[in-house]
Amino acid sequence: MRRRSAALTALAVLTAALATGCGSDDEPDPLRNQQWALDALKLPGAWDTAEGEDTVIAVVDTGVDPGHPDLKGRLVDGYDFVDGDDDPKDLNGHGTHVAGIAAAHTENGIGIAGGAPGAKIMPVRVLGADGSGSDANITKGIVWAAQHGADVINLSLGESGLMARLLKGGVLNDAIALADDKGAVVVAAAGNDSTLLQPYELTTPVLVVNAADRNGQPASFTNFGAQNAVAAPGVDILSTLPTYTAKETLKNTSGYGKLSGTSMASPYVAAVAALLHQEGLDPAGIMTAIRDTATNPSGNLKLGLGNVDAAAAVKAAADKN
């Protein structure tokens, strides 16, 4: 039986992490101690060198909560391809969660820390309130982001059936190639069906991300097998959620919650890509730095090239400068 998306399942049975009562008032980010993934990726060590300044991460997803206190001021102009307007408000919850992982406010006295504290988020809504979307809108969203200044484009789209479409090649691969030509590195979730597959054409310039648990082992749900894929934390990931009632926040409007999925792993790698962009690397250089410094001592196929090491990747980039 085909399993339901791990991320959406987690949303349905959401583990709320309230901003109040979690940490003392004088902590820079009161929920930071629940963000095990930041330490697993060695992001704090990378921040000593780069935080993703002057970098825009496009979240091509369900939109973003524009008034979330941990995201407000982090956003640049985006677009809504579902409703055809310039108000990409998140009516689902997934995109807001992805955005917080990538670049939530850090050391602002509330909530969580983002993976790239200096980066900005470009919300591009291509998926509706139910989490589904068309090939046409997804393609338009990728192209729009690349043409409007995105430096990194995150595709946490496994829930939309993107993987099955990519197996057939076509316009989505072409859109990713165009983004690469425009200077944007594309990072994409592997999907959550525990399946061995090569979702993209081998010539498509994309960095595929599998999910790992807090022990650095493959998550039970992660897809694997994509050429030169890497792995990042994707289990019980705390991040932002809409502060209003949306489809997946009916029982939790605290603004924070824990989800699981390759959708959560991908924006962590997008954040690392943002740090490397600040260091002056182009898309090919960013993907090479992340892949060359990933670690997989046991050679586990489901981890691809291995778990991403942000500090090592940034150091490798800095050493070249």
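Our structure is the block above this text.
Residues numbered from 1 in each chain as written. Predicted model: local features only at pLDDT ≥ 70, side-chain atom pairs only at ≥ 80, totals over all residues. Heavy atoms only, no water.

Colleague: Explanation requested: the nonpolar core in the structure shown.
Modeller: Across soluble globular proteins, nonpolar side chains have a tendency to be buried as a group. Counting residues in each nonpolar core, the largest one holds 60 residues, and the members touching the most others are Leu43, Ile57, Leu276 and Ile290. Residue contributions to this core peak at 11 residues, all from helix H8 (residues 262-278). With sequence-adjacent residues up to four places away left out, Ile57 is seen in contact with Ala102, Ala116, Ala119, Lys120, Ile121, Met122, Val152, Ala270, Ala271 and Ala274. Listed in part, the 31 residues of the second largest apolar core include Val56, Val124, Leu127 and Leu155. (Core = buried A, V, L, I, M, F, W, Y, C linked by side-chain atoms within 4.5 Å. Buried < 20%, exposed > 50% of the residue type's maximum accessible area, 1.4 Å probe, protein only. Helix = DSSP H or I, 4+ residues; strand = E, 2+ residues; numbered from the N terminus. Contact = heavy atoms within 4.5 Å.)

Colleague: Explain the environment of Leu41 here, please?
Modeller: With respect to the helices, strands and loops of the structure, Leu41 is situated in the loop between helix H2 (36-40) and helix H3 (43-47). Linking Leu41 and Ala310, residues 269 residues apart in sequence, is a C-alpha distance of 5.7 Å. Setting aside residues no more than four positions away along its own chain, Leu41 makes contact with Ala232, Pro233, Tyr268, Val308, Asp309, Ala310 and Ala311.

Colleague: Is there a simple way to explain helix H4 (residues 94-103) in this structure?
Modeller: The periodicity of an α-helix, 3.6 residues per turn, causes residues three or four positions apart to be oriented the same way. Within H4, 10 of the 10 residues are buried, which leaves it mostly tucked inside the rest of the structure. Listed as buried for H4 are His94, Gly95, Thr96, His97, Val98, Ala99, Gly100, Ile101, Ala102 and Ala103.

Colleague: Mind showing me how you'd approach the sheet that holds strand S3 (residues 79-80) here?
Modeller: In a beta sheet, neighbouring strands pair by backbone hydrogen bonds and run either parallel or antiparallel. The parallel open sheet is built from 7 strands, whose spatial order is S3-S4-S2-S5-S6-S7-S8. What marks the edges here is a single partner per strand, and that holds for S3 and strand S8 (230-233). Sheet analysis places strand S5 (residues 152-155) next to strand S6 (residues 185-189), joined by 4 bridges and oriented parallel. Across the sheet, residue Ile153 finds its bridge partner in S6, namely Val186. Packing against the sheet, helix H9 (residues 283-293) makes contact with S6, strand S7 (206-212) and S8, and its axis sits at approximately 30° to S7. (Pairing = 2+ DSSP bridges. Axes fitted to C-alpha atoms, helices over the stretch in contact; angles between N-to-C directions.)

Colleague: Looking at this structure, how should I read the packing of aromatic side chains?
Modeller: How two aromatic rings sit relative to each other is given by the distance of their centres and the angle of their planes. Inspection of the entire model under this criterion finds 2 aromatic pairs. Of the aromatic side chains, those joined through ring pairs into one cluster are Tyr79, Phe81 and Trp144. Over the ring of Tyr244 we find Lys89; its NZ or CZ atom is 4.4 Å from the centre of that ring. (Phe/Tyr/Trp six-rings, centres within 6.5 Å; stacked < 30°, edge-to-face > 60°. Lys NZ or Arg CZ within 6 Å of the ring centre and 35° of its normal.)

Colleague: Whenever I open this one, the packing of helix H5 (residues 135-147) against helix H7 (residues 171-181) confuses me. Can you help?
Modeller: Working note: a packed helix pair is described by the angle between its axes plus the distance between those axes. Two numbers describe how H5 lies on H7: the axes approach to 9 Å, and their chain directions differ by 5°. When the axis of H5 is compared with that of H7, the two are roughly parallel. Facing Asp135, Ile138, Thr139, Ile142, Val143 and Ala146 of H5, the residues of H7 in contact are Val171, Leu172, Ala175, Ile176, Leu178 and Ala179. (Parallel < 35°, antiparallel > 145°, perpendicular 65-115°, else oblique.)

Colleague: Just checking my understanding: could you explain the environment of Pro66 for this structure?
Modeller: Tracing the sequence through the fold places Pro66 in the loop between strand S2 (56-61) and S3. It is 6.5 Å that separates the C-alpha atoms of Pro66 and Lys89, two residues lying 23 residues apart in sequence. Beyond its immediate sequence surroundings of up to four residues, Pro66 is in contact with Lys72, Leu75, Lys89 and Tyr244.

Colleague: Looking at this structure, I do not really get a negative patch on the surface. What am I missing?
Modeller: Together, Asp48, Glu51, Glu53, Asp54 and Glu107 line one region of the surface with negative charge. Along the chain, Asp48 turns up in the loop between H3 and S2. (Patch = residues over 30% accessible without salt bridge, like charges linked within 9 Å, V, L, I, M, F, W, Y side chains within 5 Å. Areas by Shrake-Rupley, 256 points an atom, 1.4 Å probe, with all protein chains shown as cover. Salt bridge = Lys/Arg side-chain N within 4 Å of Asp/Glu carboxyl O. Lys, Arg positive; Asp, Glu negative; His and termini not counted. Charge placed at Lys NZ, Arg CZ, Asp CG, Glu CD.)

Colleague: Could you clarify how one ought to interpret the packing of H8 against H9 in this entry?
Modeller: Relative orientation of the contacting elements H8 and H9 amounts to 120°, with a least axis distance of 10 Å. Compared by their axis directions, H8 and H9 come out oblique. Considering only the axes of H8 and H9, their crossing is right-handed. Touching Val269, Val272, Ala273, Leu276 and His277 of H8 are Ile286, Ala289 and Ile290, all from H9. Of the residues assigned to the contact of H8 with H9, the class counts are 7 nonpolar, 1 polar and no charged. (Left-handed = near helix turned anticlockwise from the far one by under 90°. Nonpolar A, V, L, I, M, F, W, Y, C, P; charged D, E, K, R; others polar.)

Colleague: Help me out: how do you make sense of unusual backbone geometry in this one?
Modeller: Here the phi dihedral of Glu107 falls at roughly 60°; this positive angle occurs in a residue that is not glycine. By the element assignment, Glu107 lies in the loop between H4 and strand S4 (120-125). A relative accessible area of 62% places Glu107 in the exposed class. Residues other than glycine seldom take positive phi values, yet Ser194 does so here, at roughly 55°.

Colleague: Would you mind showing me how to read the pattern of salt bridges here?
Modeller: Side-chain pairing between opposite charges can occur once the charged atoms of the two side chains come close. Inspection of the entire model under this criterion finds 5 salt bridges. In this structure, the salt-bridge partner of Arg32 is Asp39, at a minimum N-O distance of 2.8 Å. Classification of Asp39 by relative accessible area gives partly exposed; the value is 44%. Asp319 is the salt-bridge partner of Lys315, the closest N and O atoms lying 3.0 Å from each other. One end of the pair, Lys315, and the other, Asp319, are both in helix H10 (residues 310-320), 4 residues apart, so they sit about a helical turn from each other. The pair Lys315 / Asp319 is uniform in exposure class, with both members exposed. One continuous salt-bridge network, built from bridges that share partners, spans Asp80, Asp83 and Arg125.

Honestly, that's just the spatial picture; any functional story needs more than this.
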